[in-house]
Amino acid sequence: MQILLLGANYKTCPLGIREQLSFSEEHIQEALARLTEVGDEAVVLSTCHRLEVYVLFDGRPVDTEAVVGLVSGWSRLDRETLLARSYILTGEDAVRHLFDVAAGMDSAVVGEFQVLGQVRLAINEAVERRAARRVLPALFHRAVVTGRRVRQETALGRHDASLSQAAVERALTNLSDLSSKRALIIGAGVMGTLAAEELRRRGIGAIEVVSRTPLRARLLAERVDGVVASFDDLEAAFARCDLAVSSTSAPHAVVHRQTVEQAMQGRATPLLIIDLALPRDVDADVGSVPGVTLVDVDGLGDVGRRLSQAVARDIPRAREMVQDGAQGCQAWLRELEAIPTVAALYR
């Protein structure tokens, strides 16, 4: 029995390549089906900072080449580029890495809590698709339990760090006083909600919410005492705001240069746009519009490092907890692997 992990994250590849490696829900369903033809169980974890493919080989040789070939084909990255920008881990190294990820220890903002939910969603999707049945569900459950324990017993949980918080910190740096500013939230999902709530907590003057799903936009607007704006009139919404945070799940850009260019005509105040989505919501050339500052997820790296310093004292303790959890899981895997051998002795 062997676990193979093929992954790429913000440490190993730039945003453009991670965009190619970003899997939609439909792609994940297809990937799980194909991966379980190669191995016995599989899980795909796809976030704005990483793609990780976990495959269990039980009673058959580990087929790294097949997994690499599948990911290369899906992402349209040639094999050499994929291998140069990714990491391949097996056995105990793969297990330890999963525990690090679930605990937020491998995140751009150390201790960020969203990844724990993303790990949980990834295994739930695999179980629902019958791609994970016995070993990987138990492995991921143990990783989630350890991640939750790290949050409960260290400062990592008390700080509630997230990419959305990093976006708001960047807004404070650029805009200083938020009380007189108007923010536009594009996308009413988890990250958009977190950003809106954090902006409200920090005293933003006004919030407008835009979403392709009107009900979600209305519910979020009510939650943060904001108003709903129209997706069909983004130009007017941009013209009114000082800050825009975009985090939709669209497979393509939803904010284009012409829209922002028109919004900036005759305007004297600057506009900060923070794009938290992957694939990116905002065309890169929007950043060249006069008066506009465009920041993507990788552009928040300095803020992430600063936020990570707030929990620096608790990181050694968190690492110990992760190590203990991973070692316990590895012992369980060794016991599981030994069961057929022990059973054979009594035949």
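Whatever comes next refers back to the structure up there.
Residues numbered from 1 in each chain as written. Predicted model: local features only at pLDDT ≥ 70, side-chain atom pairs only at ≥ 80, totals over all residues. Heavy atoms only, no water.

**Student:** Could you give an account of the overall build of the protein chain, naming the residues involved and the relevant values?
**Tutor:** Helix and strand counts for the protein chain stand at 15 helices and ten strands. Relative to the globule expectation of 20 Å for 347 residues, the C-alpha radius of gyration of the protein chain, 22 Å, shows essentially globular dimensions. Looking at the protein chain as a whole, 52% of its 347 residues are labelled buried. Counted over contacts in the protein chain with a minimum sequence separation of 6, partners at least 24 positions apart contribute 73%. Accessible surface, the protein chain as shown: approximately 15,700 Å² in total, 48% of it carbon and sulfur. The positive charge centre, built from 40 side chains, and the negative charge centre, built from 46, are 4 Å apart in the protein chain. (Helix = DSSP H or I, 4+ residues; strand = E, 2+ residues; numbered from the N terminus. Rg over C-alpha atoms; globule rule 2.2 N^0.38 Å. Buried < 20%, exposed > 50% of the residue type's maximum accessible area, 1.4 Å probe, protein only. Contact = heavy atoms within 4.5 Å. Areas by Shrake-Rupley, 256 points an atom, 1.4 Å probe, with all protein chains shown as cover. Lys, Arg positive; Asp, Glu negative; His and termini not counted. Charge placed at Lys NZ, Arg CZ, Asp CG, Glu CD.)

**Student:** Give a detailed account of the nonpolar core, specifying residues and quantitative values.
**Tutor:** Among the nonpolar cores identified, the biggest contains 67 residues, and Leu 21, Leu 35, Val 43, Val 44, Val 67, Val 119 and Leu 139 are the most heavily contacted of them. When residues of this core are assigned to their parent elements, the largest contribution, nine residues, is made by helix H15 (residues 315–345). Sequence-distant contacts of Leu 139, defined by excluding residues within four places in its chain, comprise Ile 3, Val 95, Leu 98, Phe 99, Cys 329 and Trp 332. In terms of nonpolar packing, the next biggest core, distinct from the first, is built from 36 residues, Ala 167, Ala 188, Ile 207 and Leu 272 among them. (Core = buried A, V, L, I, M, F, W, Y, C linked by side-chain atoms within 4.5 Å.)

**Student:** Pulling in residues and values, what's your account of the sheet that holds strand S5 (residues 182–186)?
**Tutor:** Spatially, the six strands line up as an open sheet ordered S7-S6-S5-S8-S9-S10, and their pairing is parallel. Every interior strand has two partners, whereas the edge strands, strand S7 (227–228) and strand S10 (292–296), have only one. Pairing between strand S8 (residues 243–246) and strand S9 (residues 271–275): four bridges, direction parallel. In the sheet register, Val 245 faces S9, and the bridge partner there is Ile 274. Strands S8, S9 and S10 of the sheet are contacted by helix H9 (residues 163–175), whose axis makes an angle of about 165° with S9. (Pairing = 2+ DSSP bridges. Axes fitted to C-alpha atoms, helices over the stretch in contact; angles between N-to-C directions.)

**Student:** Give a description of the pairing of strand S3 (residues 50–57) that names residues and reports values.
**Tutor:** Across the eight residues of S3, eight count as buried, placing the element largely inside the fold. In terms of strand pairing, strand S1 (residues 2–9) meets S3 through eight bridges, oriented antiparallel. Bridging across to S3, Leu 4 finds its partner in Val 55. With six bridges connecting them, strand S2 (residues 41–46) and S3 associate as antiparallel partners. Along S3, the bridge assignment pairs Val 44 with Val 53.

**Student:** Give me the lowdown on the sheet that holds S2, citing residues and values where you can.
**Tutor:** Spatial ordering of the open sheet is given by S2-S3-S1-S4, a layout of four strands whose pairing is antiparallel. What marks the edges here is a single partner per strand, and that holds for S2 and strand S4 (87–90). Across the sheet, the mean angle separating the axes of adjacent strands is 15° when strand polarity is ignored. Here helix H2 (residues 25–38) sits on the sheet and contacts S2 and S3; the angle it forms with S2, its principal contact strand, is near 145°. Packed on one face of the sheet, helix H5 (residues 91–102) meets S1, S2, S3 and S4 and runs near 110° to S4.

**Student:** Run through the environment of Ala 33, naming residues and quoting values.
**Tutor:** Examined against the element boundaries, Ala 33 turns out to sit in helix H2. With 93 residues separating them in the primary sequence, Ala 33 and Ala 126 have C-alpha atoms 9.5 Å apart.

**Student:** Go over the environment of Ala 239, please, and point to the residues and values.
**Tutor:** Summarising the element assignment, Ala 239 is placed in helix H12 (residues 234–240). Separated by 24 residues in the primary sequence, Ala 239 and Ala 263 place their C-alpha atoms 4.5 Å from one another. When neighbours within four sequence positions are excluded, Ala 239 is seen to be in contact with Ala 263 and Arg 267.

**Student:** I'd love a proper account of helix H13 (residues 257–264), names of residues and values included.
**Tutor:** Turning to H13, its buried residues are Val 260, Ala 263 and Met 264. What you see down the axis of H13 is that its buried residues fit within an arc of 95°, all on one side. On its buried face, H13 is in contact with H12, S9 and S10. One or two positions beyond H13, positive phi appears at Gly 266, with a value near 70°. (Arc of directions from axis to C-beta.)

None of this, on its own, says anything about what the molecule does.
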